[in-house]
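# Reading the structure
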Amino acid sequence: MSNVTRKHTALPKAQILIEALPWLTRHRGKTVVVKFGGNAMIDSELKAAFAQDIVFLHHAGLKPVVVHGGGPQISAALDRHGIVSEFKAGLRVTTEDAMDVVRMVLAGQVQRELVGLLNEHGPLAVGLTGEDAHTITATKHQPTIDGQLVDIGRVGEITAIDTGAIEALLADGRIPVVSSIARSQDDGHVYNVNADTAAAALAAALDAETLMVLTDVEGLYEDWPNSDEVISRLTATQLEKLLPELASGMVPKMEGCLHAVRNGVTTARVIDGRVQHSILLEIFTDEGIGTMVVPDDEEAGDAE
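Residues numbered from 1 in each chain as written. Predicted model: local features only at pLDDT ≥ 70, side-chain atom pairs only at ≥ 80, totals over all residues. Heavy atoms only, no water.

This part takes up the packing of aromatic side chains. Inspection of the entire model under this criterion finds 2 aromatic pairs. Taking the centre distance of 5.7 Å and the plane angle of 65° together, the rings of Phe 56 and Phe 284 count as edge-to-face. Of this pair, Phe 56 sits in helix 3 (residues 44-59) while Phe 284 is found in helix 10 (residues 278-284), placing the two residues 228 residues apart along the sequence. (Phe/Tyr/Trp six-rings, centres within 6.5 Å; stacked < 30°, edge-to-face > 60°. Helix = DSSP H or I, 4+ residues; strand = E, 2+ residues; numbered from the N terminus.)

Shown next, in the form of structure tokens:
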């Protein structure tokens, strides 16, 4: 290869790296909570790309914290155990038997696999659940359906977060991987908690710079199903007005984003986890993908 050709092939790579410079400067030392979910959890290429992105953030001087659920894997395991999956108000009805399976799948399968993928890149990831060091505490959640409180078993509502263990891991240069199971505030049991909600609560408690939620859509649509225009940016109040119109699967994600930015997180983003390296594209390029939620006091154009 001639020197001239080499220069031409190398230049675009240099330009891409330089484009990331302002973002590297801005985000260095900041905590980023990433909720891992959707297709990115199932597709092996997307899983590997996700792990690379998280390790990249780590080496770029950010402090990533990964939070995960495991809906598809839990459903498959319950099927194998002959336990019927039932949902009410968009939440999994979690009996005592089902809770044993949920805990086993989240802490013993999904988390282990993710820790393994991250640790192919070095001694980085440490897995924990909300039970460890009282990281997440919950009490029984009873949703209201048609004006009636409904018992959906061991599904928890988060009442407290203790960030001590996560902060110790971050200070030690590790990447915490947190399964969305909580200790009980009142009865010695454990609870299944929504992973979107857990990620948002952790982001707020950790005073994170950013909450990122991976989804299987491009972002929040302007006028779904009539249009597939994605809203690229909106304030907390604008989001709050939209909440009643959202599809049920999007509600905990957007409620999580709202909670985060109302509680000190600078930006919350819902991004398309079906796109390889969507996390890097969102954090390090001018063309952020997905939907970004900012606090109300951010003037338009002020925050990236």
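Time to look at the packing of helix 7 (residues 195-205) against helix 9 (residues 251-262). In the contact formed by helix 7 and helix 9, the axes pass within 8 Å of each other and the chain directions differ by 10°. When the axis of helix 7 is compared with that of helix 9, the two are roughly parallel. Between helix 7, through Asp 196, Thr 197, Ala 200, Ala 201 and Ala 204, and helix 9, the contact on the second element is made entirely by Pro 252, Lys 253, Gly 256 and His 259. Each residue belonging to the contact of helix 7 with helix 9 can be placed in one class, and the counts come to 4 nonpolar, 3 polar and 2 charged. (Axes fitted to C-alpha atoms, helices over the stretch in contact; angles between N-to-C directions. Parallel < 35°, antiparallel > 145°, perpendicular 65-115°, else oblique. Contact = heavy atoms within 4.5 Å. Nonpolar A, V, L, I, M, F, W, Y, C, P; charged D, E, K, R; others polar.)

To continue, consider the sheet that holds strand 6 (residues 136-140). Overall, mixed pairing links the 4 strands, which are arranged 9-6-11-12 in an open sheet. Two strands bound the open sheet, and with one partner strand each, they are strand 9 (156-161) and strand 12 (190-192). The mean angle between the axes of side-by-side strands here comes to 50°, regardless of whether they run parallel or antiparallel. As paired elements, strand 6 and strand 9 share 5 bridges and run antiparallel to each other. Pairing of Ala 138 across the sheet is with Ile 158, part of strand 9. Here helix 5 (residues 96-119) sits on the sheet and contacts strand 11 (181-184) and strand 12; the angle it forms with strand 12, its principal contact strand, is near 75°. This element, helix 7, spans strand 6 and strand 9 of the sheet and lies at about 15° to strand 9. (Pairing = 2+ DSSP bridges.)

Further remarks concern the pairing of strand 6. As paired elements, strand 6 and strand 11 share 2 bridges and run parallel to each other. What sits directly across from Ala 138, in strand 11, is Ser 184.

Right, let's talk about the environment of Val 177 for a bit. Inspection of the secondary structure assignment puts Val 177 in strand 10 (residues 175-179). When its relative accessible area of 0% is taken as the criterion, Val 177 is described as buried. (Buried < 20%, exposed > 50% of the residue type's maximum accessible area, 1.4 Å probe, protein only.)

Our focus in this paragraph is the side chain of Thr 31. With respect to the helices, strands and loops of the structure, Thr 31 is situated in strand 1 (residues 31-36). A relative accessible area of 12% places Thr 31 in the buried class. The contacts of Thr 31, once residues within four sequence positions are left out, are Lys 63, Val 65, Leu 170, Leu 206, Ala 208, Glu 209 and Thr 210.

Once that is clear, we can look at the side chain of Asp 196. Tracing the sequence through the fold places Asp 196 in helix 7. You can call Asp 196 buried: its relative accessible area is 5%. Among the polar contacts listed, one links the side chain of Asp 196 to the side chain of Lys 35, at a separation of 3.1 Å. Those residues in contact with Asp 196 that sit more than four places away from it in its chain are Lys 35, Val 213, Pro 252 and Lys 253. (Polar contact = N/O pair within 3.5 Å; in protein donor to acceptor, adjacent residues only side chain to side chain.)

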